[in-house]
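# Overview (structure and organization)
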Amino acid sequence: MRLSRYVFHVLILSALVVFLVTPPLSASVNLVAVHLQVNSIADTDDGSCNDPPGTGSGNKDCTLREAINAANLNAPSADTITFGLSGSILLGATLPALNDDLTIDGRGQTIIINGNNAVRVIEVNEGKVVTIKALTIASGNCVACDGGGIYNDGGTLNVHNSIFSANAASGDGGGGGIFSNGGTVNITDTIFEDNIVTNDGGGIYPYGATLNVTRSDFHANIAGRSGGAIHTFGTLNISESNLWVMLHRARLRLRECLQDFWELLPEQFRLEGGSRA
């Protein structure tokens, strides 16, 4: 009888320990990082990112929009999206906000994510670490808001070997290519060209953010108020080589302006002898 009671107590104690150490089904768990490969340039979302194509449900493919949604569902793991084909992805709406530590890697392909001059391309949520490699962010447009190409809302945005082209923020918006509301933006080996805003920061506008720029090119970006390339209300670090390139471009542009509008300048601003150097 005593042995039976002892076994009974051991069983009860074991069940209690299992109950205490096993999390409920609703508790969050650390998910394994996933690698998602985009195999379609369509901008559709049937709720499933199927790889390889022709398998699974719905459209039986994996679009960029579907891959981002799948990565967001897999947060907080650090996931990766790559591409199995080249092409231009024409957006009908802004891509889902990136709510996961995520790398979007276009290396090995030619990938253009095009906002169709109608929508912002990418949004990064607060606290997330997002890395973009070898992508072209083009023709994003944010009407009366900031960040036509990318809006970084307090995350860490790393951009490598990419192109920001012809993005815009109209109305009172700033940061045609990138607007960062706090957080950190690290730019390396990247081109900003033909981005335009009616306010500040044609290329980039870090507002209360830290911006680090290395070996990058800013060309023909336009701001209606200030900072054609960069307008900063935060911390700006530019590598020495990059700074000299930007100063050289600015000097050439200033010379062009003086030559084009020399006769319109007040006489006291002209150098003696009519020099336009």
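A few points on the structure.

Criteria and thresholds
- Residues numbered from 1 in each chain as written.
- Predicted model: local features only at pLDDT ≥ 70, side-chain atom pairs only at ≥ 80, totals over all residues.
- Heavy atoms only, no water.
- Phe/Tyr/Trp six-rings, centres within 6.5 Å; stacked < 30°, edge-to-face > 60°.
- Helix = DSSP H or I, 4+ residues; strand = E, 2+ residues; numbered from the N terminus.
- Buried < 20%, exposed > 50% of the residue type's maximum accessible area, 1.4 Å probe, protein only.
- Core = buried A, V, L, I, M, F, W, Y, C linked by side-chain atoms within 4.5 Å.
- Contact = heavy atoms within 4.5 Å.
- Disulfide = S-S within 2.5 Å.
- Pairing = 2+ DSSP bridges.

### Concerning the packing of aromatic side chains
This structure, assessed with the given rule, holds seven aromatic pairs. Seen from their ring centres, Y151 and F179 are 5.7 Å apart, and the 10° between their planes marks the pair as stacked. Pair noted here: Y151 is in strand β10 (residues 150-152) and F179 is in strand β14 (residues 178-181), with a separation of 28 residues, a long-range link. Considered together, Y151 and F179 belong to a single accessibility category, that of buried residues. Ring geometry for F192 and F218: centres 5.0 Å apart, planes at 5°, overall stacked. Here F192 is found in strand β16 (residues 191-193), whereas its partner F218 is found in strand β19 (residues 217-219), with 26 residues between them in sequence.

### With respect to the nonpolar core
Ranked by size, the top nonpolar core spans 38 residues in total, and within it L64, I113, I122, L157, I178 and I187 carry the most contacts. Considering each element in turn, this core owes the most residues, four residues, to helix α2 (residues 64-73). In contact with I113, other than residues within four places in its own chain, are L64, I89, L91, L95, V121, L135, T136, I137 and A138.

### Looking at the state of the cysteines
Inspection of the entire model under this criterion finds two disulfides. The partner cysteine of C49 in its disulfide is C62, sulfur to sulfur 1.8 Å. Where C49 bonds to C62 through sulfur, the torsion about that S-S bond is close to -65°, and the disulfide is left-handed. On the criterion of sequence distance, the pair formed by C49 in the loop between β1 (35-38) and α2 and C62 in the loop between β1 and α2 is long-range, its members being 13 residues apart. Owing to a relative accessible area of 22%, C49 belongs among the partly exposed residues under this scheme.

### Description of α2
Most of α2 is tucked away, with seven of its 10 residues classed as buried. For α2, the full list of buried residues reads L64, R65, E66, A67, I68, A71 and N72. Its buried side turned inward, α2 meets β1, β2 (79-83), β3 (87-90), β4 (102-105) and β5 (111-114).

### Notes on unusual backbone geometry
Following A75, the chain continues into P76 via a peptide bond in cis, with omega recorded as 15°. Residue position: P76 is located in the loop between α2 and β2. Phi at N117 takes a positive value of approximately 55°, unusual for a residue other than glycine. Relative to the assigned elements, N117 resides in the loop between β5 and β6 (122-124). Positioned with a positive phi, A144 is a non-glycine residue whose angle comes to about 60°. Relative to the assigned elements, A144 resides in the loop between β9 (141-143) and β10.

### Brief notes about the pairing of β1
Going residue by residue along β1, you find L36 and V38 tucked away on one face and H35 and Q37 left uncovered on the opposite face. Where β1 lies against β2, four bridges are found, and the strand directions are parallel. Across the sheet, V38 pairs through a bridge with F83, a residue of β2.

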